[in-house]
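# Breakdown of the fold
Take a look at the letters that make up each chain.
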Amino acid sequence: MFIASSSYIELFSRHPSVKWAQRSDKLFITVQLPDAQDVKLKLEPEGKFLFSATSGVDKTPYEIELDLFDKVNVDESKAGIGSRTIQYIVKKAENKWWSRLIKQTGKPPVFLTVDWDKWIDEDEEFTSKSGEPDMGDMGFDFPDMNLGGGGFDGAVPEMDDDDENDTEDENAEEASSAEKEEVPSTASGEADAKKT
């Protein structure tokens, strides 16, 4: 009979999809993991970001360990759990734009992508009407969970998440962009002004 040790489980943990965006003073990190259970978080001032959880009936383990590009302020960072995502607002230690999310140079891990729904360019930060994405009530702060220097030792409150409404909006956007792609092109490659 085979008994799984914690090191065995760590070897076979999966990485959930992670999206990110930034402002000069904060990061928006969204972990996409439906029905996450046993969520454990750790954020360290030097920029170490750790996440673990299970999901599904068979409680498949998921883990993320990221060395963020620079230092962060744990006391002013927040996180919350929805039915499909775990969202973080991580306060940067210094108000400056980062050239990337993680210290690692080269190609980022395949599970890490830009969150284009929340992204704005550096030169648009103070001119954007929306300012920052609506994150709702995040539910808890990192310092309240005592995670700054300890291990994964906090229960994470759940928050409502309106991803179901987003899906309808995303479907409408996809249908609209599909219609635009079907516009016939002229010999020069320009789209005709008339729709057929």
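Residues numbered from 1 in each chain as written. Predicted model: local features only at pLDDT ≥ 70, side-chain atom pairs only at ≥ 80, totals over all residues. Heavy atoms only, no water.

This brings us to the sheet that holds strand E4 (residues 48-55). One open sheet accounts for 3 strands, arranged E3-E4-E5; its pairing is antiparallel. Pairing within the sheet leaves two strands with one partner each, and these edge strands are strand E3 (37-43) and strand E5 (60-67). When strand polarity is set aside, the average angle formed by the axes of neighbouring strands in this sheet is 5°. With 5 bridges connecting them, E3 and E4 associate as antiparallel partners. Of the residues in E4, the one forming a bridge with Leu43 is Phe49. (Pairing = 2+ DSSP bridges. Helix = DSSP H or I, 4+ residues; strand = E, 2+ residues; numbered from the N terminus. Axes fitted to C-alpha atoms, helices over the stretch in contact; angles between N-to-C directions.)

Two elements, strand E6 (residues 72-81) and strand E7 (residues 85-92), share 6 bridges in a ladder whose sense is antiparallel. The partner of Gly80 across the bridge, within E7, is Gln87. If you look at the hairpin formed by E6 and E7, you'll find 3 residues sitting between the two strands.

Let us now look at unusual backbone geometry. Glycine aside, residues mostly have negative phi, and peptide bonds are mostly found in the trans state. One non-glycine residue, Asp35, adopts positive backbone phi at about 55°. A positive phi is found at Asp38, a non-glycine position, where the angle reads about 50°. In this structure, Asp38 sits in strand E3. Residue classification places Asp38 among the partly exposed residues on the basis of a relative accessible area of 46%. (Buried < 20%, exposed > 50% of the residue type's maximum accessible area, 1.4 Å probe, protein only.)

Caution applies to low-pLDDT parts of the model: their predicted coordinates are not meant to be read in detail. Across the protein, the average pLDDT comes to 73, with 58% of residues at or above 70. Counting interchain partners and residues more than four positions distant, the pLDDT-below-50 stretch residues 130-155 has 70 contacts. Contacts of residues 175-196 to residues separated by more than four positions or lying in other chains number 11 contacts, the stretch itself having pLDDT below 50. (pLDDT = per-residue confidence, 0-100. Contact = heavy atoms within 4.5 Å.)

Once that is clear, we can look at the packing of aromatic side chains. Across all of its chains, the model carries 4 aromatic pairs by this definition. Aromatic pair Trp20 and Trp119: ring centres 5.3 Å apart, planes at 90°, arrangement edge-to-face. Placement of the pair is Trp20 in strand E1 (residues 17-22) and Trp119 in the loop between strand E8 (112-114) and strand E9 (140-141), with a sequence separation of 99 residues. What makes Trp119 partly exposed here is its relative accessible area of 23%. Centre to centre, the rings of Phe49 and Tyr88 are 5.0 Å apart; their planes meet at 85°, and the pair counts as edge-to-face. A residue pair is termed long-range when its members are at least 10 positions apart, and Phe49 in strand E4 and Tyr88 in strand E7 qualify at 39 residues. (Phe/Tyr/Trp six-rings, centres within 6.5 Å; stacked < 30°, edge-to-face > 60°.)

Further remarks concern the environment of Glu46. Tracing the backbone shows Glu46 in the loop between E3 and E4. Through-space distance from the C-alpha of Glu46 to that of Val72 is 6.4 Å; in sequence the pair is 26 residues apart. Other than its neighbours up to four places away in sequence, Glu46 contacts Asp70, Lys71 and Lys103.

What follows is about the environment of Lys71. With respect to the helices and strands, the residue Lys71 is situated in the loop between E5 and E6. Residue classification places Lys71 among the exposed positions, given a relative accessible area of 52%. Between the alpha carbons of Lys71 and Pro45 there is a distance of 5.6 Å; along the sequence they are 26 residues apart. Every residue in contact with Lys71, bar those within four places of it in the chain, is listed here: Pro45, Glu46, Gly47, Lys92, Ala93 and Trp98.

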